[in-house]
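Summary of the model geometry
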Amino acid sequence: MPTFFIQNFGCRATQADASAIRQSLISRGYSAACSENLADVIVLNTCTVTASADAEARETARRMHRANSSARIVMTGCYAQRAPEELAALEGVSLVVGNSHQSEIAGLLDSSRDFIPLAQLHPSTQQQAPIYRGEIDPASDVFVASPEESLAERTRPILKIQDGCNHRCSYCVIPLVRGRSRSLPPDRAVREIRHLIEAGAREVVLSGIDLGSYGRTFAPKATLQDLILRILNETSVERLRVSSIEPMDVTSDLIDLVASNDRIAPHFHMPLQSGSDHVLRAMHRWYRAAHYARRVELIRERLPHAAIGADVISGFPVETEEDHLLTMQFLENLPLAYLHVFSFSPRPGTEAAALSASAAVPAQTIQRRARELRALGAEKTRAFHASQRGTTLRVLTLDRASDNWTEAMSGNYLKMRLAGRWPRNLWFEVEFVDSGAPLASKPLENQLSRITSANARFPLCVMETE
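I will try to describe carefully the structure that is included in this document. In this text, all values refer to a predicted model and were calculated from it rather than measured experimentally.

With that settled, the discussion passes to the pairing of strand 15 (residues 392–401). Sheet topology note: the strand 15/strand 18 (residues 427–431) ladder contains five bridges and is antiparallel. Note that in strand 18 the partner of Val395 across the bridge is Phe428. Pairing analysis gives four bridges linking strand 15 to strand 16 (residues 405–410), with the strands arranged antiparallel. Pairing of Ala401 across the sheet is with Thr406, part of strand 16. Hairpin connection between strand 15 and strand 16: a loop of three residues separates the two successive antiparallel strands.

As structure tokens, this is what we get:
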């Protein structure tokens with residue numbers, strides 16, 4: 001039986017894609033290997049948001065080929081969709097599959113070369129890897145994994161309900177590699193949630209490239225809020241978490257819905273990118289700093305303990321030192337829980353790539369600004385942790401543990417260590433102390449028999465990244 005290993009890069013959407021790829025391989029008779037060194041097939045599911053993401057994918061392919069020269073390496077994901085020729089030329093790569101053909105990976109492997117190890121091929125027979133990539137059909141289905149595979153990889157499974165993007169932010173390559181926005185039909189989404197619950201899930205994360213655009217292509221149109229209400233009313237999911245959502249889609253109605261139902265995690269990740277209106281205009285973002293600040297205020301008014309996170313780009317072309325200071329000052333005044341900081345990287349095919357040719361910020365300046373933003377983000381995280389001291393939180397145990405502690409996560413995105421080694425997917429109620437030491441607690445109700453039997457279905461080789 002051939003074995004496979006999947007290495008995933010990038011966002012929650014690519015993590016959901018990896019689960020679906022895993023399922024398709026298992027359905028074809030493949031088995032999961034615990035490491036790339038034991039695999040016949042290595043699948044690298046790439047990201048291409050930055051040049052460093054591209055470089056990481058290439059270096060990983062080279063490293064894995066050196067470590068396991070017999071394995072057939074499949075490059076897929078957003079980098080494979082954007083620049084497949086670059087990946088096909090790498091030594092050891094035997095197949096390049098863009099996002100347009102991800103659902104066909106298992107079949108493409110089955111139809112090619114019958115697993116002759118690359119190390120046994122004569123050098124003259126090793127040609128550039130074949131490429132499978134095309135335009136992404138806006139009517140295509142959203143690629144979704146089975147509940148069992150979603151749970152095998154994560155305690156908190158990701159359900160991708162939307163893919164693609166119709167916006168044209170000047171720095172972003174995602175619309176080029178993911179296609180136009182499309183959504184999982186509401187009936188199917190509710191069914192998938194039910195299946196996840198039946199398989200043992202207690203928290204489910206709704207993800208997408210542009211979640212706020214969910215359902216806009218349906219006739220009649222649907223909304224993300226409509227879907228959330230259906231999930232709450234028609235399933236018994238114990239906690240629902242919404243992944244990244246654009247600030248203008250965080251409406252007062254959505255905030256009120258989260259505030260009124262403790263089955264929705266009080267956690268909002270809203271990309272900001274810059275606190276300077278001058279830069280936001282150049283980025284083609286459709287809000288201004290004051291609009292963003294008002295969304296944060298609305299959340300804080302209704303949900304004082306909610307976690308609010310933001311993405312920020314450092315060194316966008318035309319960003320002056322004054323713009324950077326405006327962003328720093330803007331962020332200092334916001335009650336955020338964390339920051340994700342990205343150094344600007346020109347992406348081929350985007351407007352910002354052309355703009356950077358004439359108005360690029362020096363690399364050293366970008367790095368220094370990014371360091372300052374990350375330092376500010378660390379301060380924000382410490383302040384948020386301090387604000388939560390003494391609060392009672394309901395947390396779910398995760399997969400990471402040692403002999404004397406188990407990692408757990410709260411609804412408002414606080415990771416902590418509980419004293420003792422516990423099964424994953426178990427609820428605890430704890431008082432958050434932020435001391436760095438494991439928290440003593442007992443599980444809610446008598447859940448151990450249920451969780452232990454559910455965990456028995458999960459593969460032993462899986463290493464989880466929450």
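There is more to say, and it comes next.
This part is about the sheet that holds strand 14 (residues 338–343). Pairing within the open sheet is parallel, and its three strands lie in the order 12-13-14. The open sheet terminates on both sides in strands that have one partner only, identified here as strand 12 (267–269) and strand 14. This sheet shows a mean twist of 15° between the axes of neighbouring strands, independent of strand direction. In terms of strand pairing, strand 12 meets strand 13 (residues 307–314) through three bridges, oriented parallel. Its bridge partner being in strand 13, Phe268 is matched across the sheet by Ile308. Lying on the sheet, helix 12 (residues 289–302) is in contact with strand 12 and strand 13; it crosses strand 13 at an angle near 165°.

Moving on: the packing of aromatic side chains. With the rule as written, the count across this model stands at eight aromatic pairs. Where Tyr171 meets Phe316, the ring centres are 6.4 Å apart and the plane angle is 85°; that geometry is what we call edge-to-face. Here Phe316 lies in the loop between strand 13 and helix 13 (321–332) and Tyr171 lies in the loop between strand 8 (162–163) and helix 7 (174–178), a separation of 145 residues in the sequence. The exposure class assigned to Tyr171 is buried, which follows from its relative accessible area of 12%. A centroid spacing of 6.1 Å and a plane angle of 80° characterise the contact between Trp286 and Tyr287, whose relative ring orientation is edge-to-face. Accessibility expressed as a relative area gives 32% for Trp286, which makes it partly exposed. Here a set of aromatic residues connected by ring pairs shows up, and it is made of Trp286, Tyr287, Tyr292 and Phe330. We note Arg394 situated over the ring of Trp427; from NZ or CZ to the ring centre the distance is 4.0 Å. The residue whose ring lies beneath Arg417 is Trp405, and the NZ or CZ to ring-centre distance is 3.7 Å.

Parameters and conventions
- Residues numbered from 1 in each chain as written.
- Predicted model: local features only at pLDDT ≥ 70, side-chain atom pairs only at ≥ 80, totals over all residues.
- Heavy atoms only, no water.
- Pairing = 2+ DSSP bridges.
- Helix = DSSP H or I, 4+ residues; strand = E, 2+ residues; numbered from the N terminus.
- Axes fitted to C-alpha atoms, helices over the stretch in contact; angles between N-to-C directions.
- Contact = heavy atoms within 4.5 Å.
- Phe/Tyr/Trp six-rings, centres within 6.5 Å; stacked < 30°, edge-to-face > 60°.
- Buried < 20%, exposed > 50% of the residue type's maximum accessible area, 1.4 Å probe, protein only.
- Lys NZ or Arg CZ within 6 Å of the ring centre and 35° of its normal.

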